[in-house]
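Structural overview for review
Below are the chains, spelled out letter by letter.
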Amino acid sequence: MKFSQFAFLLLFFLAGVRTPYAKAEGIQIIPKPNHFRLEKGHFTIPGELTVSTVVSGFEAIIPVFCRQLSTYSDFSCTKTSGSAQIRLAHSDSIRDSESYQLKITPKDIVVVANEPAGAFYGLQSLLQLIVNADEGMIPCSFIVDQPRYSWRGIMLDESRHFFGIEQVKQLLDYMALHKLNKFHWHLTDVPGWRIEIKKYPKLTTVGGIGNDHDPKAEARYYTQEEISTVVEYARERFIEIIPEIDMPGHAAAANRAYPEFSGGGSERYPEFTFHPGKEGTYQYLTDILREVSGLFPSEYIHIGGDEVHFGNHQWKTDPDVQKLMKTERLNHLKQVEQYFIRRMADSVARLGKKVIGWDEVIGSGIDVHSTLVMWWRHDKPYLLDSAIENGYELVMCPRIPLYFDFDQHDSHAYGRRWGGEFCDIEKVYDFPFGNIDGDHDKVIGMQANVWTERIQNDKRLDFMTFPRLSAMAEAAWSYGKMKSYPEFLERLKKMIGCYDRDGIYYFDPFDVHSHPEPGGIKK
Ligand code: ACM
């Protein structure tokens, strides 16, 4: 336990808590707060709420909260400089930047935090209490809350299918409401390249054509201006966006645009790789990453590194790759791949950023202090230990249960399965489980990955994302000992009210036939 958590708890106990693990009745919040106490009485919500703060860093949060309030409820609020029903206050005794206290009395409501993110999360908890209020009243309570993990992420693959700004904003809205804070944007892959790069315009005008079910679909991509709009929208909601430019594999869309940098592919995966034996490739990709780096304030750039063996066959005979292997003393193709990753990690470092790679980058020799590994191969659990032994920080996103392109119910037919296994809501909720050491210091969080080979439209994207996003958020925020699946389901019923109000086409675990699975693409 960190000192700040200890201080929090001490305060909490001194304040007379009976049990910090009270039942969640009355605390209609997902993710469940880690410490709370219900008190006597209620706060009656007036038609128009007022919110104030004298903390300059907290001011910008209020308009976002007021917009959320009028979206998800029939109440509204305004910012005021005078006395208000909701007050945002600062305390530097709260150390963790995402922690907050929320005190609700019959008279008023106070959110206390050290940093804007904490104040924002206090308001997210309050927002849910208001949205779920019975007859306009919310129970008096005292909440002292902080996250289990600092990395609480969702990845969206927009290469396989492109969804566009409105759908991404909706996802960011729900991430914010659930205190999820990292949006990993998978923008390049085999079917399409989705981010404008000014120095290489054909990446989008040519590489942006097509998607996973229609190679001729008109070019869809984000301009740099649109990217900046989304980044700002996320920033206002305390979500960091991490772009992924996948390399050296999954490069076919880029290679259609600039074949001179292709390293070839295989029969099943043509033109799959960037060319590791040409110096020009490293310059080209560094130029791309420079533009990407300028667009995203995140401290990270994700460079992929997964499944290179799907299409590195031509490296075996390519004269430039053979020459590289001789001069760099690389004995086999895995070492060529690792050399490539080291070169590009150097470029990322020179841009002043840290690297993220899929778990294939373990063993490549890239700097452990400036690299984050994403463990995804659930069938290779030893890779989690291996990342830790090598000294890497790690985010857990194993296929089972955190790939949201997998089915979530046995009656579903269009999602993926692995040996018959799929990712039902309860499994998502229970993660991390079994022998997975989710409490190791190096494990900084977890992430759900929404791959979209089998998600070809907005309706199916909603269906595959909700309500698993709610379950995942609680797994990432709430301590294991706070979790109870049956009790989570009770709170989920209320959250579903938000989905309904917002027109989301979710999977309904309480009535599996009410929202039939939207037809997908059989693979
Ligand atoms: C992956 O699923 N290829 C990271």
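Look above for the structure.
Residues numbered from 1 in each chain as written. Predicted model: local features only at pLDDT ≥ 70, side-chain atom pairs only at ≥ 80, totals over all residues. Heavy atoms only, no water.

Assigned secondary structure in the protein chain consists of 16 helices and 17 strands. Its C-alpha atoms give the protein chain a radius of gyration of 24 Å, within 12% of the compact-globule value 24 Å for 523 residues. C-alpha atoms of the protein chain, sized along the principal axes, occupy 80 × 50 × 45 Å. Going through the 523 residues of the protein chain one by one, you find that 61% of them count as buried. When the accessible area of the protein chain is evaluated, it comes to approximately 20100 Å², of which 51% is carbon and sulfur surface. Between the centroid of the 59 positive side chains of the protein chain and the centroid of its 71 negative side chains there is a distance of 2 Å. (Helix = DSSP H or I, 4+ residues; strand = E, 2+ residues; numbered from the N terminus. Rg over C-alpha atoms; globule rule 2.2 N^0.38 Å. Buried < 20%, exposed > 50% of the residue type's maximum accessible area, 1.4 Å probe, protein only. Areas by Shrake-Rupley, 256 points an atom, 1.4 Å probe, with all protein chains shown as cover. Lys, Arg positive; Asp, Glu negative; His and termini not counted. Charge placed at Lys NZ, Arg CZ, Asp CG, Glu CD.)

Before going further, it helps to spend a moment on helix 2 (residues 61-72). Compared with an ideal rise of 1.5 Å per residue, which puts 12 residues at 16 Å, helix 2 spans 17 Å between its outermost C-alpha atoms and is within 8% of the ideal. Among the residues of helix 2, I61, I62, V64, F65, C66, Q68, L69 and Y72 are the ones counted as buried. (Expected span 1.5 Å × (residues − 1).)

Below, the discussion takes up the side chain of E517. Along the chain, E517 falls in the segment after helix 16 (485-502). A residue is classified by how much of its surface remains accessible, and E517, at 18% relative accessible area, is buried. Reaching out from E517, the side chain makes a polar contact with the side chain of R460 at a distance of 3.0 Å. When residues no more than four places from it in sequence are discounted, the contact partners of E517 are D407, H412, A413, Y414, G415, R460 and F463. (Polar contact = N/O pair within 3.5 Å; in protein donor to acceptor, adjacent residues only side chain to side chain. Contact = heavy atoms within 4.5 Å.)

Moving on, we get to the pairing of strand 5 (residues 100-104). The buried fraction of strand 5 amounts to four of the five residues, a majority that puts the element mostly inside the structure. Pairing of strand 5 with strand 6 (residues 109-113) involves four bridges; the strand directions are antiparallel. Bridge pairing in strand 6 places L102 opposite V111. Between the antiparallel neighbours strand 5 and strand 6 lie four residues. (Pairing = 2+ DSSP bridges.)

So, on to the environment of F272. Along the chain, F272 falls in the loop between strand 11 (262-264) and strand 12 (273-274). Exposure remark for F272: the relative accessible area of 1% places this residue in the buried category. For the pair F272 and N390, spaced 118 residues apart in sequence, the C-alpha separation works out to 29 Å.

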